[in-house]
There are 2 protein chains.
Amino acid sequence: MSNDPLVIFTPSGKRGNFAVGTPILTAARQLGVDLDSVCGGRGICSKCQITPSYGEFSKHGVTVHEDALSPWNSVEERYDTIRGLPKGRRLGCQATVQNDIVVDVPPESQVHKQVVRKRAEARDITMNPTTRLYYVEVQEPDMHEPSGDLERLIQSLRKDWDLPELEADLGVLKSLQPALRKGGWKVTCAVHLGDDTFSPRIMQVWPGYYEGTIYGLAVDLGSTTIAAHLCDLQTGDVVASSGVMNPQIRFGEDLMSRVSYGMMNPNGADEMTTAVREGMNALFVQIASEAEIDRNLIVDAVFVCNPVMHHLFLGIDPFELGQAPFALATSESLSLRAIELDLNLHPSARVYLLPCIAGHVGADAAAVALSEAPDKSEDLVLIVDVGTNAEILLGNKEKVLACSSPTGPAFEGAQISSGQRAAPGAIERVEIDPITKLPRFKVIGCDLWNTEDGFAKETARTGVTGICGSGIIEIVAEMRMAGIVDAPGLIGSAEQTGSPNCFPEGRTNSYLVYDGTADGGPKITVTNVDIRQIQMAKAALYSGARLLMDKFEVDSVDRVVLAGAFGAHISPKHAMVLGMIPDAPLDRVTSAGNAAGTGARIALLNRDARTEIEATVHDIHKIETALEPRFQEHFVNASAIPNAVEPFPILKSIVTLPDVNHNTGGGGGGEGRRRRRKPSAE
Amino acid sequence: MSNDPLVIFTPSGKRGNFAVGTPILTAARQLGVDLDSVCGGRGICSKCQITPSYGEFSKHGVTVHEDALSPWNSVEERYDTIRGLPKGRRLGCQATVQNDIVVDVPPESQVHKQVVRKRAEARDITMNPTTRLYYVEVQEPDMHEPSGDLERLIQSLRKDWDLPELEADLGVLKSLQPALRKGGWKVTCAVHLGDDTFSPRIMQVWPGYYEGTIYGLAVDLGSTTIAAHLCDLQTGDVVASSGVMNPQIRFGEDLMSRVSYGMMNPNGADEMTTAVREGMNALFVQIASEAEIDRNLIVDAVFVCNPVMHHLFLGIDPFELGQAPFALATSESLSLRAIELDLNLHPSARVYLLPCIAGHVGADAAAVALSEAPDKSEDLVLIVDVGTNAEILLGNKEKVLACSSPTGPAFEGAQISSGQRAAPGAIERVEIDPITKLPRFKVIGCDLWNTEDGFAKETARTGVTGICGSGIIEIVAEMRMAGIVDAPGLIGSAEQTGSPNCFPEGRTNSYLVYDGTADGGPKITVTNVDIRQIQMAKAALYSGARLLMDKFEVDSVDRVVLAGAFGAHISPKHAMVLGMIPDAPLDRVTSAGNAAGTGARIALLNRDARTEIEATVHDIHKIETALEPRFQEHFVNASAIPNAVEPFPILKSIVTLPDVNHNTGGGGGGEGRRRRRKPSAE
């Protein structure tokens, strides 16, 4: 047993004996305790704040006296005066061991601190960014031992911070000599710690101790919108979030029309590449301005996107993705310099693209897998990222399957007669009274039902303009529950349904949701064609999920996660009535919000997560729906509302589904419900 | 003992038994015999040509019969018809083992073939370039096992060629899918094999078998001129050599004026960087046009230059190199993308800069060390690269010392009254008749002496315009040998010297070399100020060499190598009379030509040479002349002609040096010869 004082760190529990006079930071380093420092123990950065605990610690078998640490010193005094040190805190590099001591490392003093995610079921993100700041003192040049300023800087970084042999970007070489001299041979360096592509290198040098921070971007490059989170790479905080429309929309609303545009126009793919990169740069200007930071401080960016966007962003013609066998130019993750993609960030900024899973299942799906971690789930989870293409993951810690299903744009309000994008004025919530069969609704931007007082006033500016994706799902499900639509998907007449809002239109019936024509507004209806569109979309989605369940040899899943911005607004009950997703307890159907964007943020903040998702993607088993005969079979059966493939006892326990059939002539759109494993008409 | 036939390869002597039917190429690979192939044995590239030998080989203990190899086949027949196969040759991939056989691998069929250098004493260059071509057949995409086209290409390269895990440049990703399909899933790849900075990567993909080659540039970036060799990276041949003036000359003739320009002008350094890069691109256009090749086929470039040019080329202000302690921004070698330096080569071309030895001893000196390899020399070699700054290396396999000495531009014809750059019309050879004391000379561009018939006619176009660097050395040495100049450096009067060409000018005398004024030409003279300039320059050079000899604790060297374009034109005898170099047997004073350029070529053609010179430079001991008191001492004593520091018995055995002293007043420019180790006036 050593006679030296015992130092115990909490919460890690790591302990060791240290000579009197040892700084707490030194003790922490020797024990491998995760205590941050940028200045290397020079009392400048204050990142190594610790909280000493005093008193009796029977658990640890020590008693800590008031004299356990060296007294508050002038460095701490100065720091406290200028910037303020929270009560009870000491600087780990200044306070030295005098006697047995218990030291708590608060979360914000940990290098690998946890970034807490909003959702309860989500794992926290451990900070471990690719680029970090290091403060060093550099040896001055000596004519007798000539060596470059860079080589002496690298030597100091290696010695003080145990960094590998570094290189420097050209921009650093240009600014290095003035910075070293201005800082009196003390500088702060931003160091990219390297990956499979890039050797570890110095990206920027500031004279003296750099008080600021560095940033990274997590970008979700969607077909319609480009959304980004700007993160502080030291704290992990999201300091700004912003989005712009994808300027490629002018070349085609959906992906296949963009692929076609590239085929039809000699420089079509290049035009689209230029457009998306310009849009990206516009977004960067916007987000930096919102956060009031210099864009040159953004040193890292992670991108997730579907395969077509992935190729177009990289400057690759997505031609091959438009036809079987849907060959990706490259499926692995990519590490690039931002400048190679014409992105205006820090001149040495690095860019990381997550791997693609298959020709139809992109880096966005990989990001969802990173965020939702089906490969770590004890129970069987179905993850659906709803968009123009639905990406579907099914799995648990045993295995994970993935496929993509061509839902089309109906869920986004497109190809629906009164459909529109989610924007103020769009109907997003609908209820149909089971007695009167009349609808009431809410629009985006107003918390009132349209039947409540003040609705007209509050929506005066936006009006009621159409139905957005989540609205269309609710309305169709409500129509089904109210008996206005039957299981095969036919809207009944006013007589059949008892609803005065049903009216004949062509050879079928439509349902009036809102008539604003008196005030010059639109007449918002649901036509039978709309119902068909939604049936097609939901059948595609469901069939994909069902196909994965077949492959997994299961008839039910433990939980369902709806991902995507749209997924965040879907009502689980309505989704299930519609038959979008398999029967599951409603409280086990959750929304993950923009899980792809969250996956990008994880990859941005934790370099190990990049390696992890690269490995995970290799293990994900891809199912190509086009090659599976059962997909077509499921698709046909899944067009019923709800689908006719499986029983739905859980749903039945919650809602009443009237057993109506509006197709008096028989045949037509389907035959009501039919169980797949035990066929029997109800 | 195996019963399989024995295969013996010459010249390697490697041997082994192989089953009947084994292709010779396969046997070579298994034995590690250096037999080239780009197509991987598919009978396309013909790089694996071998020559079977028949008859009795008592040395090897085998008799080779005519049926030792499989018969000439249709692939060979086709190749021979289309392109022609030299007599006696077979394709190693087609000819299979049938019986005991002796197979010769001709030099051109070796991967690591030797590139023969012109000089007898120089080592040959072993081909081992950083970028090579590989032909592969790629598996077609399969929807059941989705993977990117790139990943399947990489898999094939790894399997067929044992290449490491590769990445691809963005440009490759863009062209990959069309190339694979156009080539029917067969492509040829240019692969950069990687270095400390870059991971191994595919730089270009051609559909099918690519019949062409790829190129590299070895560039000597001098203060005055930029010279480049364009090399075939498969054969090592120099296919074109070209040079342009360094456009930076407009910012200052010598390096220090350029450093000053950078200090005096806010964007001065950037202007000079832009200028040199523009000059470089102009050179690339010129050399590619001379060789009639596409500049986009130049995939690699190696640069050597002095430290100031090094920094300016990289975009670093050379300010610190203008003042003690002459700190380099970086001294290590650099591996960059050509695009980072705004160079218009292959879009993915890589660039390598050799390391600098010290603030005054640059990558050019490192290249000289690579070319002349003093660190591998058995005898003690002094290598002098003469330019505005002289770089001096002294060493043998035990150790190597290096220094730089500020000779100034006099050796390049600058700051000499009738001096000029080496160009047609410049006097480059001079003889002074020992009896008449009258000169005769030759000018660049004409092989006749000016006293010979036809000289006037042959030089009618250029005229006689001035004296170039090598001419000024010869003329001063000749003046010394003719007694027109004394040891301290004074030109005598016509009476003192007996030469009618001596005439008084100011307080001293001048010597008339040529009077063209009658025809409107110049009057070319050597003034006593010119003599002083040359004395200063040669004293600086000699003192540097002498300082290294002191450090090495020797009084003489075994051999002297004069490097640099100028060095190629210096007459060793005259250089020794002048006292530029230490006393040495004239046949041991050789010219290495542009050794820096050759060093660049070695680093271009052999990647191991890069690692080698990086290690060598670390081991070279740098002497900073400014810090050595003895440098000044040597300098003062070395101004005599020849210098007064050492005895020169070898020189004395060749030439007669009259013991004159034109300074009748005594004192002044020196005291004649004085031996350093055994002081005694002669």
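Residues numbered from 1 in each chain as written. Chains lettered and ligands numbered in written order. Predicted model: local features only at pLDDT ≥ 70, side-chain atom pairs only at ≥ 80, totals over all residues.

**Student:** For this particular structure, what's the right way to read the domain arrangement of chain A?
**Tutor:** Quite often, the size of an interface is put as the accessible area lost when its parts meet. Residue and element names in this part refer to chain A. Entries for chain A in the domain assignment read domain 1 (6-109), domain 2 (115-207), domain 3 (215-353) and domain 4 (359-419 + 487-495 + 507-682). On a C-alpha basis, the centres of domain 2 and domain 3 stand 28 Å from each other. In this complex, domain 2 contributes 17 residues to the contact, which on the side of domain 3 involves eleven residues. Breaking the side of domain 2 that touches domain 3 down by element, the ones donating at least two residues are β10 (131-137), β12 (186-192) and β13 (201-207). Considered class by class, the residues forming the side of domain 2 that touches domain 3 number eight nonpolar, six polar and three charged. (Domains from an automatic or database assignment. Contact = placed C-beta atoms within 7 Å. Helix = DSSP H or I, 4+ residues; strand = E, 2+ residues; numbered from the N terminus. Nonpolar A, V, L, I, M, F, W, Y, C, P; charged D, E, K, R; others polar.)

**Student:** Got a minute to help me understand the sheet that holds strand β27 (residues 508-515) of chain B in this structure?
**Tutor:** By definition, the strands of a sheet pair up through backbone hydrogen bonds, in either a parallel or an antiparallel sense. All names here are of chain B. Taken in spatial order, the three strands make up an open sheet running β26-β27-β28, and their pairing is antiparallel. Each edge of the open sheet is held by one strand with a lone partner, namely β26 (502-505) and β28 (523-526). Averaged over all adjacent pairs, the angle separating strand axes in this sheet is 45°, with direction ignored. In the sheet, β27 pairs with β28 via four bridges, with the strands oriented antiparallel. Considered in β28, the bridge of Leu 512 is made with Thr 525. (Pairing = 2+ DSSP bridges. Axes fitted to C-alpha atoms, helices over the stretch in contact; angles between N-to-C directions.)

**Student:** Please clarify how the environment of Ser53(A) should be interpreted in this entry.
**Tutor:** Residues and elements named next belong to chain A. Along the polypeptide, Ser 53 turns up in strand β3 (residues 49-53). A residue is classified by how many C-beta atoms lie within 10 Å of it, and Ser 53, with 16 of them, is partly exposed. Between the C-alpha atom of Ser 53 and that of Ile 101, which follows or precedes it by 48 residues, the distance is 7.3 Å. Beyond its immediate sequence surroundings of up to four residues, Ser 53 is in contact with Val 64, Val 102 and Asp 104. (Buried ≥ 20, exposed ≤ 12 C-beta atoms within 10 Å, placed from the backbone.)

**Student:** Help me understand the packing of helix α8 (residues 363-372) of chain A against helix α15 (residues 607-619) of chain A, please; the structure alone is not making it clear to me.
**Tutor:** Helix-helix packing is characterised by the crossing angle of the two axes and by the distance between the axes. Residue and element names in this part refer to chain A. Following both chains from N to C, one finds α8 and α15 inclined at 110°, their axes separated by 10 Å at the closest point. As summarised for this structure, α8 and α15 are arranged roughly perpendicular, according to the angle between their axes. Crossing of α8 against α15: the hand is right-handed. In this structure, α8 contributes Ala 366, Ala 369 and Leu 370 to the contact, and α15 contributes Ala 609, Ile 613, Thr 616 and Val 617. The class makeup of the residues in the contact of α8 with α15 is six nonpolar, one polar and no charged. (Parallel < 35°, antiparallel > 145°, perpendicular 65-115°, else oblique. Left-handed = near helix turned anticlockwise from the far one by under 90°.)

**Student:** What's the story with the pairing of strand β17 (residues 298-305) of chain A in this structure? I'm lost.
**Tutor:** Looking along a regular strand, one sees side chains alternate from face to face of the sheet. Residue and element names in this part refer to chain A. Of all eight residues that make up β17, eight are buried, and the element is covered over most of its length. Alignment of strand β14 (residues 215-221) against β17, held across seven bridges, turns out to be parallel. Paired with Leu 217 across the strands is Ala 301, a residue of β17. The pairing of β17 with strand β19 (residues 350-353) spans four bridges and is parallel. When the bridges of β19 are listed, Phe 303 appears paired with Leu 353.

**Student:** Help me out: how do you make sense of the pairing of β3(A) in this one?
**Tutor:** All names here are of chain A. Taken together, the two bridges between β3 and strand β6 (residues 90-91) define a ladder with antiparallel strand orientation. Paired with Gln 49 across the strands is Leu 91, a residue of β6. Here β3 runs beside strand β7 (residues 101-104); their pairing, made up of three bridges, is antiparallel. Bridge pairing links Pro 52 to Val 103 in β7.

**Student:** It is not clear to me how the relation of the copies chain A and chain B should be interpreted in this structure. Could you clarify?
**Tutor:** The two chain copies are connected by a rotation around an axis plus a translation along it. Here chain A sits on chain B after a turn of 180° about the axis and a move of 0.1 Å along it, with an RMSD of 0.1 Å. On the angle and the small slide along the axis, the relation comes out as a two-fold axis. Considering only C-alpha atoms, the part of chain A nearest the rotation axis is Phe198(A), at 3.4 Å. Looking at chain A, 100% of its interface residues are interface residues in chain B too, so the copies touch through the same face. (Least-squares fit on C-alpha atoms with pLDDT ≥ 70 in both.)

**Student:** Which parts of the structure should I look at to understand helix α1 (residues 24-31) of chain B?
**Tutor:** Note: α-helices contain 3.6 residues per turn, so residues at a spacing of three or four share the same orientation. Residues and elements named next belong to chain B. Restricting attention to buried positions, one finds in α1 the residues Ile 24, Leu 25, Ala 27 and Ala 28. Down the axis of α1, the sector holding all buried residues measures 160°, keeping them to one side. Where α1 is buried, its residues touch β1 (6-10), β2 (15-17), β3 (49-53) and β7 (101-104). Taken from the residues just after α1, Gly 32 is the one with a positive phi, measuring 75°. (Arc of directions from axis to C-beta.)

**Student:** Sorry, what's going on with the sheet that holds strand β13 (residues 201-207) of chain B here?
**Tutor:** Residues and elements named next belong to chain B. The four strands are arranged β10-β12-β13-β11 in an open sheet whose pairing can be described as mixed. Of all strands in the sheet, those with a lone pairing partner are β10 (131-137) and β11 (167-168), marking the two edges. The sheet contacts of helix α3 (residues 149-161) involve β10, β11 and β12 (186-192), and relative to β10 the element is tilted by about 105°. This element, helix α4 (residues 170-182), spans β11, β12 and β13 of the sheet and lies at about 35° to β13.

**Student:** Looking at this structure, I do not really get the nonpolar core. What am I missing?
**Tutor:** In a soluble, globular protein the nonpolar side chains are often hidden away together inside. Residues Val384(A) and Val384(B) are the most contacted members of the largest nonpolar core, which totals 373 residues. Not counting residues within four places of it along the chain, the set of residues in contact with Val384(B) comprises Ala390(B), Ile392(B), Leu541(B), Ala545(B), Val560(B), Leu562(B), Ala563(B), Gly567(B) and Ile581(B). (Core = buried A, V, L, I, M, F, W, Y, C linked by C-beta atoms within 7 Å.)

**Student:** Please clarify how unusual backbone geometry should be interpreted in this entry.
**Tutor:** Negative phi is the rule for most residues except glycine; trans is the rule for most peptide bonds. Backbone torsion omega between Thr10(B) and Pro11(B) reads 5°, so that peptide bond is classified as cis. Inspection of the secondary structure puts Pro11(B) in the loop between β1 and β2. Geometrically, the link from Ala324(B) to Pro325(B) is a cis peptide bond, its omega value of 0° lying close to zero. Relative to the assigned elements, Pro325(B) resides in the loop between α7 (307-314) and β18 (334-337). Here the phi dihedral of Trp185(A) falls at roughly 65°; this positive angle occurs in a residue that is not glycine. Along the chain, the position of Trp185(A) falls in the loop between α4 (170-182) and β12. Of note, the phi angle at Ala373(A) is positive, near 45°, even though the residue is not glycine. Locating Ala373(A) in the fold gives a position in the loop between α8 and β20 (381-385). The exposure class of Ala373(A) is buried, given the 21 C-beta atoms found within 10 Å.

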